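Fold and geometry: a report
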Amino acid sequence: MPLESNVDIAPAQGKLGVLLPGMGAVGTTFIAGVLAIRKGLSKPIGSLTQMGTIRIGPRTDDNVPLIKDYAGLATLDDLVFGGWDVFEDDAYVAASRAGVLEGHLLEQLGEELRAIKPMKAVFEQSYVKNLHGDHVKPEMSKWDQAQALDDDINRFAEDNGCDRLVAVWCGSTEVYREASAVHQSIEAFEQGLKDSAPEIAPSQIYAYACLKRGIPYANGAPNLNLDTPALLELARRNQVPITGKDFKTGQTLMKTILAPGFKARMLGVEGWYSTNILGNRDGEILDDPESFKAKEMSKLGVLDTIFEPERNPDLYGDIHHVVRINYYPPRGDNKEGWDNIDIFGWLGYKMQIKVDFLCRDSILAAPLVLDLALFLDLAKRGGMSGVQEWLSFYWKSPQPVQEGVYPEHDIFIQLTKLKNTLRHLMGDDPVTHVGAEYYD
Ligand SMILES: NC(=O)c1ccc[n+]([C@@H]2O[C@H](COP(=O)([O-])OP(=O)(O)OC[C@H]3O[C@@H](n4cnc5c(N)ncnc54)[C@H](O)[C@@H]3O)[C@@H](O)[C@H]2O)c1
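Here we summarise the structure given alongside this text. Just so we're clear, the structure is a prediction, and the values are computed from it rather than from any experiment. (Residues numbered from 1 in each chain as written. Predicted model: local features only at pLDDT ≥ 70, side-chain atom pairs only at ≥ 80, totals over all residues. Heavy atoms only, no water.)

Next up on the list: the pattern of salt bridges. For the structure on display, the rule yields 21 salt bridges. Residues Lys129 and Glu290 are paired through a salt bridge, measuring 2.3 Å at the closest nitrogen-oxygen approach. Pair noted here: Lys129 is in the loop between strand E3 (119–120) and helix H7 (142–159) and Glu290 is in helix H13 (residues 289–300), with a separation of 161 residues, a long-range link. Residues Arg311 and Glu308 are paired through a salt bridge, measuring 2.5 Å at the closest nitrogen-oxygen approach. A relative accessible area of 57% means that Arg311 is categorised as exposed. Residue classification places Glu308 among the buried positions, given a relative accessible area of 16%. One network of salt bridges, with partners in common, ties together Lys129, Arg177 and Glu290. (Salt bridge = Lys/Arg side-chain N within 4 Å of Asp/Glu carboxyl O. Helix = DSSP H or I, 4+ residues; strand = E, 2+ residues; numbered from the N terminus. Buried < 20%, exposed > 50% of the residue type's maximum accessible area, 1.4 Å probe, protein only.)

Below, the discussion takes up unusual backbone geometry. With an omega dihedral of 0°, the bond running from Gly244 to Lys245 counts as a cis peptide bond. Tracing the backbone shows Lys245 in the loop between strand E6 (241–244) and helix H11 (250–264). Despite not being glycine, Asp62 shows a phi value in the positive range, around 50°. Summarising the element assignment, Asp62 is placed in the loop between helix H2 (48–51) and helix H3 (67–70). By relative accessible area, which is 65% here, Asp62 ends up exposed. At Ser196, a position not held by glycine, the phi torsion is positive, near 50°. Its location among the elements puts Ser196 in the loop between helix H8 (186–194) and helix H9 (202–212).

We now examine the side chain of Thr173. On the secondary structure map, Thr173 appears in the loop between strand E4 (162–169) and H8. Excluding residues within four positions of it along the chain, Thr173 makes contact with Tyr127, Val128, Ala221, Pro222, Asn223, Asp282, Ile285, Leu286, Ser291, Ala294 and Lys295. (Contact = heavy atoms within 4.5 Å.)

A few words on the sheet that holds strand E1 (residues 15–21). Pairing is parallel across the open sheet formed by 7 strands, whose spatial order is E3-E2-E1-E4-E5-E6-E11. The sheet is open, and its two borders are formed by E3 and strand E11 (386–387), each paired with just one other strand. Note that E4 and strand E5 (residues 217–219) share 3 bridges and pair parallel. In the sheet register, Ala167 faces E5, and the bridge partner there is Tyr217. Sitting on the sheet, helix H1 (residues 25–38) touches E1 and strand E2 (79–85), and the angle it makes with E2 is about 160°. (Pairing = 2+ DSSP bridges. Axes fitted to C-alpha atoms, helices over the stretch in contact; angles between N-to-C directions.)

Next up on the list: the pairing of E2. The element E2 is largely enclosed, with a buried count of 7 among its 7 residues. Burial along E2 is two-sided: the residues Leu79, Phe81, Gly83 and Asp85 and Val80, Gly82 and Trp84 are all buried. Across 2 bridges, E2 lies against E3 in parallel orientation. In the strand pairing of E3, Asp85 is matched with Lys120.

Before going further, it helps to spend a moment on the site of the ligand. The immediate surroundings of the ligand are formed by 31 residues, with Val26, Asp85, Val122, Gly171 and Thr249 found nearest. Between Gly171 and the ligand, the recorded distance is 2.7 Å, taken from a backbone N or O atom to an oxygen atom. Here an oxygen atom of the ligand sits 3.3 Å away from a polar atom, N or O, in the side chain of Arg281. If you list the elements that add at least two residues to the shell around the ligand, you get H1, E2, H9, helix H12 (281–286) and helix H16 (361–381). The dominant element in the shell around the ligand, judged by the number of residues it contributes, is H16, at 3 residues. Split into classes, the residues belonging to the shell around the ligand amount to 16 nonpolar, 8 polar and 7 charged. (Near = heavy atom within 4 Å. Polar contact = N/O pair within 3.5 Å; in protein donor to acceptor, adjacent residues only side chain to side chain. Nonpolar A, V, L, I, M, F, W, Y, C, P; charged D, E, K, R; others polar.)

This part takes up a nonpolar patch on the surface. On the surface, Trp346, Leu347 and Tyr349 cluster together into a nonpolar patch covering about 510 Å² of accessible area. Within the element layout of this structure, Leu347 appears in the loop between strand E9 (336–344) and strand E10 (350–358). Using a relative accessible area of 68% as the deciding quantity, one classes Leu347 as exposed. (Patch = residues over 30% accessible without salt bridge, like charges linked within 9 Å, V, L, I, M, F, W, Y side chains within 5 Å. Areas by Shrake-Rupley, 256 points an atom, 1.4 Å probe, with all protein chains shown as cover.)

Within the structure shown, the criterion is met by 10 aromatic pairs. Taking the centre distance of 5.5 Å and the plane angle of 35° together, the rings of Phe189 and Tyr208 count as tilted. Taken together, the residues span a long stretch of sequence, with Phe189 in helix H8 and Tyr208 in helix H9 at a distance of 19 residues. Assigned by exposure class, Phe189 and Tyr208 land together as buried. Connected via pairs of aromatic rings, a cluster forms that spans Phe375, Trp390, Phe393 and Tyr394. It is Lys194 that lies over the ring of Trp143; its NZ or CZ is 4.5 Å from the centre. (Phe/Tyr/Trp six-rings, centres within 6.5 Å; stacked < 30°, edge-to-face > 60°. Lys NZ or Arg CZ within 6 Å of the ring centre and 35° of its normal.)

Limitation: the analysis is restricted to geometry and does not speak to function.
The following block contains the structure:
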């Protein structure tokens, strides 16, 4: 649907339920973080919606509101949390197990976290080989699983007095699969659910259940999900905004910050070798080659659209781009992402850059879950549907807005697009940075 300007956006009144299929490290770090911020124990660092500002009009107007105020986003006090997991641990236990946040912080949030208990998961072992949990729905057809999720959502919304809902997949990375015949239309997908087609992944059943009810959906993992004709068609038909995929955090975040810089200065790149050591459950799951393949495809796609080797063959025509992830338990959630970049400058003289990012995966991902939930809710209140290209900012593998239109990976273009989309929605002029008015 066209992106209209000055749209009628329903106010963010009442409770916004945030549903998380997958309540592991990222999910619980997000929930605990919001609770801590609500209590005044910390600040929402890393969240564009909470800390970011947006300039409106010329620089001389000095009109730079906070994004959350400008766009009328739901407040943190309005959020309630729910979700599903294959482990029955409540959010306190799951957050403690994940080992991301310190015990003394979790203690202060204990009561609220303990009250958040995951619902039974829709799960299939063949899609996440290194995961073994028993908090799963009993044997039934995939169609019935989708109905059972719908019942869960109904109950959650009623019990928590939710006015609106959004969902962000924070579940494990499933094995790499390409779209098959059951993914080609809503009808084929629904028949596939009734036949319990093996090609339909659990993550797709969650997405289907949410889209069917008109719940905006984001896919935080790299596996096949919203990027199938069936689910895309369902989102459009039911007027639901969707966005994905694969949270842009540690190494890929650095890549999409650095690569546009090299390109801006017309510096060549001969090779980019990226390796990671990671010891959390995500790392264990990615130790399975099939899940790693989903992640690798997502991580490898980033450089091409930034460097455009076909337009810049002398600079980027022959890049050796390698990505590795090694499961290394001693590091837990504190990943080390190490990059060696072989670049070349004037007259082809070679240089090297080494980046060693000692990052915290879930600390980087949690604010993205918050922003995505709030922006998707805004999109829904503004009547937007289908792929929300303006949210590419958050993704390693942004879903194309339509076939044949390549997604932007350059984080600075993505941010400009996001802010200009907000201005457009609110009926203000985009900021073009031409600044013609100042030359008089
Ligand atoms: N942390 C980051 O920086 C980052 C960046 C990009 C993408 N991701 C992706 O986000 C996802 C979550 O990462 P994490 O570190 O929280 O992993 P995690 O292993 O700690 O949590 C994932 C949770 O999902 C649950 N789960 C798996 N399949 C499920 C299903 N079918 N239904 C319900 N629950 C299910 C698991 O039991 C687990 O508790 C992963 O797919 C990861 O690849 C994370």
